[in-house]
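# Summary of the model geometry
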Amino acid sequence: MNFAQLPSVDVAGVPADALVLDVREDDEWAAGHVEGALHVPMSDFVARFGDVTQAVEDGRRAYVMCRVGGRSAQVTQYLVQQGIDAVNIDGGMQAWDASGRPMVTDNEGPAFVL
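This one's a predicted model, so the numbers in the text were calculated from it and none came from an experiment. Note that residues are indexed from 1 along each chain, following the sequence as it is written. Per-residue local features are limited, in this predicted model, to residues with pLDDT of at least 70; the limit for side-chain atom pairs, both in listing and counting, is 80 or more; totals at the level of whole chains, interfaces and linings are taken over all residues. Processing note: side-chain calculations cover all non-hydrogen atoms of the structure and skip hydrogens and water entirely.

## Quick look at the overall build of the protein chain
Numbering goes from the N terminus for both helices and strands, where a helix is a DSSP run of H or I of at least four residues and a strand is a run of E of at least two. The helix and strand tally for the protein chain stands at four helices and five strands. Reading the protein chain from its N terminus to its C terminus gives the helix and strand order β-β-α-β-α-β-α-β-α. Only C-alpha atoms enter the radius of gyration; for comparison, a globular chain is expected to reach 2.2 Å times N to the power 0.38, where N is the number of residues. The C-alpha atoms of the protein chain give 13 Å as radius of gyration, which agrees with the globular expectation for 114 residues (13 Å, within 12%). Structurally, the protein chain occupies a C-alpha span of about 40 × 25 × 25 Å along its principal axes. Burial status across the protein chain gives 42% buried among its 114 residues. In this description, contact between two residues means that some pair of their heavy atoms is separated by no more than 4.5 Å. Considering only contacts within the protein chain whose residues lie at least 6 apart along the sequence, 66% involve residues at least 24 apart. Counting only carbon and sulfur atoms, one obtains 49% of the accessible surface of the protein chain, whose full area is about 5900 Å². We score Asp and Glu as negative and Lys and Arg as positive, and we do not count His or the chain ends. To locate a charge, the coordinates of NZ of Lys, CZ of Arg, CG of Asp or CD of Glu are taken. A gap of 4 Å separates the mean positions of the 7 positive and 17 negative side-chain charges of the protein chain. Exposed residues in this analysis have more than 50% of their type's maximum accessible area, buried residues have under 20%, and partly exposed residues fall in between, with area computed by a 1.4 Å probe over protein chains only. The Shrake-Rupley method, run with a 1.4 Å probe, gives the accessible areas here. Residue values count only the displayed protein chains as cover.

## Here's the deal with the UniProt feature "domain: Rhodanese" (unreviewed entry) in the protein chain
Sequence positions flagged by UniProt for "domain: Rhodanese" (unreviewed entry) are, in local numbering, residues 14-105. Taken end to end, residues 14-105 comprises 36% helix and 15% strand; its first and last C-alpha atoms sit 20 Å apart. UniProt positions are given in the numbering used here, feature names are shortened, and annotations may be inferred rather than shown by experiment.

## Some details on the side chain of Ser-72
Summarising the element assignment, Ser-72 is placed in helix H3 (residues 70-81). Classification of Ser-72 as buried rests on a relative accessible area of 0%. With sequence-adjacent residues up to four places away left out, Ser-72 is seen in contact with Val-23, Val-64, Met-65, Cys-66, Asn-88 and Ile-89.

## Some thoughts on the sheet that holds strand E3 (residues 38-39)
Only strands joined by at least two bridges in the DSSP assignment are considered to pair. A sheet is described by the order of its strands in space; here five strands give the open sequence E1-E5-E4-E2-E3, paired in parallel fashion. Strand pairing shows two members of the sheet lacking a second neighbour, strand E1 (8-9) and E3, which therefore form its edges. Taken together, the four bridges between strand E2 (residues 19-22) and strand E4 (residues 62-65) define a ladder with parallel strand orientation. From the neighbouring strand, Leu-21 faces E4, where its bridge partner is Val-64.

## Quick word on the packing of aromatic side chains
A pair of Phe, Tyr and Trp rings is counted when the ring centres sit within 6.5 Å of each other, with Trp represented by its six-membered ring. The angle between the planes then sorts it: under 30 degrees is stacked, over 60 is edge-to-face, the rest tilted. Applying the stated criterion across every chain yields a total of three aromatic pairs. Arranged with centres 5.9 Å apart and planes meeting at 65°, the rings of Phe-45 and Phe-49 form a pair that is edge-to-face. Their ring planes at 75° and their centres at 5.6 Å tell us that Phe-49 and Tyr-78 sit as a pair that is edge-to-face. Highlighted residues: Phe-49 in helix H2 (residues 49-56) and Tyr-78 in helix H3, separated in sequence by 29 residues. Among the aromatic residues, those joined into a ring-pair cluster are Phe-45, Phe-49 and Tyr-78.

Put into structure tokens, the structure is as follows:
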């Protein structure tokens, strides 16, 4: 499977109750993220793969996100190869923010995409 064959969706197609898997690094996450998302940085992905499989064990689709879509495409490809129902979010957090979808932070400042 190459990236052209990768299952993907634009931000408008992500259901409000979706399992969003955010693979950005800690500083990017802290700046702003989707409320309720599962944060597993790509740099920790192999070590924390069990967190992902546990989150999707009930057959939930994983909507994978990074800043613009490159890292999440790699993770989505890996998940699909492991038999996990996963889809890449086109445009990542930049597209999410541009579309006006809500973001939160872990502090009291305004959410933004780093």
